[in-house]
Amino acid sequence: MASGDRRDDPPAAGDIKNGVASGDTIQKQLPHPHPALAPPIQSQRLRLNPNKDHKPESYEDLQLDYSPSIFSSLERYLPPTMLGMNRDEKAKFMREILLKYLPNGERSRSHRHREYRQKIISNYQPLHRELYSMHPAAFFVPSFLKAISGNTEQSFRSVISEPSPGVFTFEMLQPHFCELMVTEVENFENWVNETKIRIMRPNTMNKYGAVLDDFGLETMLDRLMEGFIRPLSKVFFAEVGGSTLDSHHGFVVEYGKDRDVDLGFHVDDSEVTLNVCLGKQFSGGELFFRGMRCEKHVNTGSQSEEIFDYCHVPGRAVLHRGRHRHGARATTSGHRINLLLWCRSSVFREMKKYQKDFSSWCGECSRAKKERQRVSIVAAKSELLKIEGGLLKSEGESTT
Ligand SMILES: O=C(O)CCC(=O)C(=O)O
Ligand SMILES: [Fe+2]
C-alpha cells in the first residue's frame, strides 16, 4: 500500500520485510535494537534451586537492561555468600549472567543503548516530575479506574466498546495528563536539539517521536502495563499471552507538518498494543485495521468483516493485538501525538515457537480450520450415505 494512500479497500498483500518500507508490503514494526552490557567477571555460580526463605530486594529504581522483577526473582538463586552483599554488587553480578544469554551483536548494541540511556538520564531535567511515577487518580478518568478496580469482564465491558472484533476502545487519560505528557515530550525534544545528542526514534517506521523509556518513564510505564493493561489483556487477549505480559516498549509518535504524515500497513512487535491519543488538534490520522494474522499468514487478503477504521480522539485509548494488521492514514492538518505501549509476553513468545495453529486468533488459521472441519464432515456424510445405501441394497436383496 502506497504511503498516504487513502483508499478504503484492503491494502494489497506482498512479501513481509522486517521494518523495510516497500510498495504493497505489510511491514513488521520493530523497535530500534535494545539495551546493554559489559564483559562477565564472576566465577561464582547460581544455585540450582531458589532460596525460598530469602526476601529479595526491589530493583525498581535502578536503570537496568532487564525488567527489575527479573532481578528480584533471580536474587533467590544467588550463591549464599552473595546474599549479604549490597544491592549494586548483586545487580552487577546478575546482569552479567543475563547478558551471557544475548548473542554478540546484540551485546554491543545493548551496550551502546545502555550508554545512550545513561547519558540522557543523568543530564536531562524533567519538566513535570509528577509524570515519572504512577498516580492513577491524576492520570486516568474515573470511569476507567472504576472498571479496573472491578476487575471483571462485566466491569471492563461497562466502559469499553469493541466496535470490531479484537479492537477495544475506551476513555482513559485525563486532559491534564495529556497536556503534561505533550509538554514533557516537547521539553525533551528541545533538550535533544540543544545538546545535539542523536536521538533514537521509536521504531523502524517513524522518523519522529521519542522513546519514553529512554528518558526515565520506564518504571511508570511498567506500572501502567502491570496494573491496568495486563488485567484487561488477561480477559480480552488471553490466547496471545495477555495474562503474562512482562515487558514493554513505550514511545510517542508525532504526525503533521514537519513530522511523519502517515504510517504504512504493518504489525507491531508486541502481543498487545495500547495506543492513546494525547492531542493536540488535528484532522485525519485514522487508524485502519485489516484482521489478525500469524507470521505465516501475514500477507493474506482481508475479509470484508475485518475492515475497520477508527478516528482518534484525545484521551481515548485503542487496545489491540500486536498481530492485528493496521496503519494510520495521513494527518491532513494540525499536529497529532499518540502514546504507544507495546506490551510483550516472554512466555507467549517461547511457546509460540512450538505451535503451528493459531486459529484462536489468526483469521486465516481459523478459516483453514473451519474448512478442514467442513471437508471432514462432508466426507463423513458421504461415508454414511454409502453405508446406508449398502444396507438398503442388501435389505432389498434379502426381501426379494
Ligand atoms: O499513529 C498511530 O496511531 C498508530 C501508531 C502505530 O500503529 C505504531 O506506532 O505501531
Ligand atoms: Fe502499530
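Just so you know, these numbers come straight off a predicted model, no measurement behind them. (Residues numbered from 1 in each chain as written. Chains lettered and ligands numbered in written order. Predicted model: local features only at pLDDT ≥ 70, side-chain atom pairs only at ≥ 80, totals over all residues. Heavy atoms only, no water.)

(A) Main features of the coordination of the iron ion (ligand 2). Taken together, H266 (NE2), D268 (OD) and H326 (NE2) make up the protein donors of the iron ion (ligand 2), found 2.1 to 2.2 Å from the metal. Each donor residue of the iron ion (ligand 2) belongs to the same chain, and together they define the spacing H-x1-D-x57-H. Placement of D268 in the loop between β6 (263-267) and β7 (272-279) and of H326 in strand β12 (residues 324-328) is noted, with a sequence separation of 58 residues between them. We classify D268 as buried; its relative accessible area is 3%. (Donors = N, O, S within 2.8 Å, 3.2 Å for Na, K, Ca; no water. Helix = DSSP H or I, 4+ residues; strand = E, 2+ residues; numbered from the N terminus. Buried < 20%, exposed > 50% of the residue type's maximum accessible area, 1.4 Å probe, protein only.)

(B) Representation of the side chain of E306 in the model. Note on placement: E306 falls in the loop between β9 (287-292) and β10 (307-310). On the basis of relative accessible area, E306 is assigned to the buried category, the value being 11%. There is a polar contact of 2.9 Å between the side chain of E306 and the side chain of R293. (Polar contact = N/O pair within 3.5 Å; in protein donor to acceptor, adjacent residues only side chain to side chain.)

(C) Just the site of ligand 1, in detail. Taken together, 15 residues lie near ligand 1, and Y255, N275, H312, H326 and R336 sit nearest. Separating an oxygen atom of ligand 1 from a side-chain N or O atom of Y255 is a distance of 2.6 Å. Bound to the protein, ligand 1 loses 100% of the 290 Å² it would expose on its own. Sorting the residues of the shell around ligand 1 by element identifies β5 (247-256), β6, β12 and β13 (331-344) as the ones contributing at least two each. Per-element tally for the shell around ligand 1: the top contributor is β13, with four residues. For the shell around ligand 1, the per-class residue count stands at seven nonpolar, six polar and two charged. (Near = heavy atom within 4 Å. Areas by Shrake-Rupley, 256 points an atom, 1.4 Å probe, with all protein chains shown as cover. Nonpolar A, V, L, I, M, F, W, Y, C, P; charged D, E, K, R; others polar.)

(D) Highlighting the sheet that holds strand β1 (residues 27-28). As summarised here, the arrangement of the five strands in space is β1-β6-β12-β9-β10, forming an open sheet in which the pairing is mixed. Edge positions in the sheet fall to β1 and β10, since each has one partner strand and no second. Here β9 pairs with β10 via four bridges, running antiparallel. Bridge pairing in β10 places R290 opposite I307. (Pairing = 2+ DSSP bridges.)

(E) Geometry of the environment of M134. Looking at the secondary structure, you find M134 in the loop between α3 (104-123) and α4 (136-139). Judged by its relative accessible area of 17%, M134 is buried. If sequence neighbours within four positions are ignored, M134 has contacts with F139, F140, M220, R223, L224 and F228. (Contact = heavy atoms within 4.5 Å.)

(F) Quick look at α3. Look at α3: 29 Å from first C-alpha to last across 20 residues, which is about the 28 Å you get at 1.5 Å a residue. Along α3, the residues that are buried comprise R107, S110, H113, Y116, R117 and I120. Where α3 is buried, its residues contact α2 (87-99), α7 (175-195) and α8 (218-236). (Expected span 1.5 Å × (residues − 1).)

(G) Structural view of the domain arrangement of the protein. By the assigned domains, the protein splits into domain 1 (33-124), domain 2 (126-352) and domain 3 (363-400). Its C-alpha centre places domain 1 at a distance of 28 Å from the equivalent point of domain 2. The interface of domain 1 with domain 2 comprises 13 residues on the first partner and 20 residues on the second. A combined buried area of about 1,400 Å² lies between domain 1 and domain 2, and 55% of that area is made up of carbon and sulfur atoms. A salt bridge links R117 to E218; its shortest N-O distance comes to 3.4 Å. Connecting domain 1 to domain 2 are seven residue pairs in polar contact (both at pLDDT 80 or more). In terms of residue count, the dominant contributor to the side of domain 1 that touches domain 2 is α3 (seven residues). For the side of domain 1 that touches domain 2, the residue count by class is six nonpolar, four polar and three charged. (Domains from an automatic or database assignment. Buried area = accessible area lost by both parts, 1.4 Å probe. Salt bridge = Lys/Arg side-chain N within 4 Å of Asp/Glu carboxyl O.)

(H) View of the packing of helix α1 (residues 68-75) against α2. Between α1 and α2, the shortest axis-to-axis distance is 10 Å and the interhelical angle comes to 100°. On the basis of their axis angle, the class for α1 and α2 is roughly perpendicular. In contact with I70, F71, L74 and E75 of α1, α2 contributes K90, A91, M94, R95 and L98. Taken together, the residues of the contact of α1 with α2 break down into six nonpolar, no polar and three charged. (Axes fitted to C-alpha atoms, helices over the stretch in contact; angles between N-to-C directions. Parallel < 35°, antiparallel > 145°, perpendicular 65-115°, else oblique.)

(I) Representation of the pattern of salt bridges within the structure. Tallied over the entire structure, the rule returns 23 salt bridges. With a shortest N-O distance of 2.7 Å, E57 and K90 are connected by a salt bridge. Here the residue E57 occupies a position in the loop between β1 and α1, and K90 occupies one in helix α2, the gap between them amounting to 33 residues. You can call K90 buried: its relative accessible area is 2%. Ionic pairing is found between R223 and E226, a salt bridge with its closest N-O pair at 3.9 Å. Here R223 pairs with E226, and both are found in helix α8, just three residues apart, close to one helical turn.

(J) Fine view of unusual backbone geometry. Cis geometry marks the peptide bond from G279 to K280; its omega dihedral reads -5°. Mapped onto the elements, K280 comes out in the loop between β7 and β8 (282-284). Even without a glycine there, the phi angle at N151 is positive, about 55°. Relative to the helices and strands, N151 is located in the loop between α5 (142-150) and α6 (153-157). Note on N151: relative accessible area 48%, which makes it partly exposed. Positive phi, close to 65°, is recorded for D258, a residue that is not glycine. Here D258 shows up in the loop between β5 and β6.

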